[in-house]
Amino acid sequence: MQSYELLADSFLFGHGNFIVGLQRKRKNNTIFMTVGLSKYSFFETVEYNFDKAAAFTGFDAGILEQIKACNSVYQMKFPVRMGQNLDRVEVFEAYRVQHSHHKTPCKGGIRFSMDVNQDEVMALASLMTYKCAIVNVPFGGGKGGIKVDPKKYTPLELERITRRYAAELVKKNFIGPGIDVPAPDYGSGEREMGWIADTYLAMKPGDVDGLGCVTGKPIAQGGVRGRREATGLGVFYGTRELCNQADLMQKLGLTSGIEGKTVVVQGLGNVGYHSAKFFREGGAKVIAIAEYEGAIMNPEGLDEEAVFQHRKSTGSILNFPGATNLEKSSEALELACDILIPAALENVITETNAPNIKAKIIAEAANGPVTVEADEILNSKGIVVIPDIYLNAGGVTVSYFEWLKNLSHVRYGRMEKRFTENMNSQIVQQIENMTGRSMETGHRSMIVHGPDEVDLIYSGLEETMISSLHDLLNTMRENPGIDSMRTAAFVLAIKKVGVAYKELGIFP
Ligand code: NAD
């Protein structure tokens, strides 16, 4: 049994180009390989970053302990009939963790991956609490995971697994618009969220707010326009705002703005694809893209959609016309560039490769891509790391907008679009009358245009990412002892969650 576990976990951590460790350690029902990645498990990494920041908050030990703890951990195993004739049963391991109930509902994605384990889900749920606090989304943190390799199953089999998982959550009261609201994460997307919503509604008939039980749904099932690209767009807005800080850019030897910056993206999934898209559209050059089978590079820039189509048709990112193949996917992380965007999984920048990182800015699109040891190395090299708990919060921000849409039962823009257009038309008409000149058609339609749902979502997201970045920068200015944006982000988050707990009256 022991050797079986060791073998299983060696494979698990050997995924992609991760370095397989040598030492075993049991924590939160998970065996960790500790050499090569980090001596901290993922959850311990979050705790480490929390403790480092806690010293700047002025809260006493009791409240800090409560903020840090995971309130509820639900580990489940359930059987699902498999195969075309449903003549085979497989038992799946899955989790839902609610890290904090200081605000409800809890909120966080569901990961579909063979790497899913309790420690990882606890870490991701904790990050969600801090993330929501930073961007002023009134939710507690949650996260879910199913230990499954989605590529190994047919859509029908995946549907059965997802629906059974959702049913388990309903049975234990771990899902609901006022309880806990899942969303997509690594390995899951709109389709899975649609199955979850449908399962919930079937088990809770008449729940008028039932569609708010999950976000990231297809539009036709109560989703909101802009959710699909929200995390990548948030990564872009946040990084762009940092790049607009002339003093910071000067320290890094960079010019202000996104225009002309060189970018490397790891992971061409939902977050990586959309990050690449918005950086390219914003005037940056995406010079390399890495997937787990390899990486490609072109100093003239890559078009993410063409790369995506190439990967779809050939089954690999490699041999993309005009680009150079990199033998090892992880080599891309060490390329000279202005901005490195890890958008795949955790623990990809470790003490082993951190000394070789040449990027000036690391934009953490993925959750937990940098280990504790690597963080210190990057910091000492003067590399600015924009932390995950701020930078990838675009997803949960737009999930919040989707949840509000579901509770209000009305599409954004429905009430005001026509009214705004009529008002704007009258203003333009008045200006034309007064000046005696007609406005050029293109300008006229731009000014008159009333907001569609997607316009309002983008605008709400942009405002959130910009104002939260300035909250982080102000926290750093007010506390000169803080040495990184990550610590500033944790300080900001702990203070907000702590105040909410104090308002509950439990703590002195
Ligand atoms: P996804 O499944 O859509 O895409 C992930 C991609 O990374 C896949 O294409 C996969 O093949 C690739 N990948 C895996 N290992 C790799 C490796 N070692 N090297 C290069 N590529 C590798 O997942 P996603 O939703 O884009 O999530 C990516 C990350 O962003 C995760 O850490 C997730 O928790 C985080 N995140 C996602 C969202 C969201 O809205 N989806 C929100 C916040 C944070």
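Right, let's walk through the structure included here.

Concerning the site of the ligand
Part 1 of the reasoning: Residues in contact with the ligand amount to 24 residues; listed here are only the nearest, R111, D185, T231, E291 and N367.
Part 2 of the reasoning: Contact distances for the ligand include 3.4 Å between an oxygen atom and a side-chain N or O atom of R227.
Part 3 of the reasoning: In terms of residue class, the shell around the ligand is built from 10 nonpolar, 10 polar and four charged.
Part 4 of the reasoning: Of the residues that make up the shell around the ligand, three or more belong to each of domain 1 (72–220) and domain 2 (230–391).

A closer look at the sheet that holds strand β10 (residues 294–297)
Part 1 of the reasoning: The seven strands are arranged β11-β10-β9-β8-β12-β13-β14 in an open sheet whose pairing can be described as mixed. Of all strands in the sheet, those bounded by a partner on one side alone are β11 (324–326) and β14 (384–386). Strand after strand, the sheet turns through a mean of 20 degrees between neighbouring axes, direction not considered.
Part 2 of the reasoning: Relative to β10, strand β9 (residues 285–291) runs antiparallel, the two sharing four bridges. Across the sheet, the residue bridging to A288 is M297, located in β10.

With respect to the packing of helix α7 (residues 230–243) against helix α9 (residues 270–281)
Part 1 of the reasoning: The contact between α7 and α9 brings their axes to 7 Å, and the two run at 45 degrees. Relative to α9, the element α7 is oriented oblique. As for the relative orientation of α7 and α9, their crossing is right-handed in sense. Residues T231, G232, L233, V235, F236 and T239 of α7 form the contact with α9, whose own contacting residues are V271, H274, S275, F278 and F279.
Part 2 of the reasoning: Tallied by class, the residues present in the contact of α7 with α9 amount to six nonpolar, five polar and no charged.

Definitions and limits used
- Residues numbered from 1 in each chain as written.
- Predicted model: local features only at pLDDT ≥ 70, side-chain atom pairs only at ≥ 80, totals over all residues.
- Heavy atoms only, no water.
- Near = heavy atom within 4 Å.
- Polar contact = N/O pair within 3.5 Å; in protein donor to acceptor, adjacent residues only side chain to side chain.
- Nonpolar A, V, L, I, M, F, W, Y, C, P; charged D, E, K, R; others polar.
- Domains from an automatic or database assignment.
- Pairing = 2+ DSSP bridges.
- Helix = DSSP H or I, 4+ residues; strand = E, 2+ residues; numbered from the N terminus.
- Axes fitted to C-alpha atoms, helices over the stretch in contact; angles between N-to-C directions.
- Parallel < 35°, antiparallel > 145°, perpendicular 65-115°, else oblique.
- Left-handed = near helix turned anticlockwise from the far one by under 90°.
- Contact = heavy atoms within 4.5 Å.

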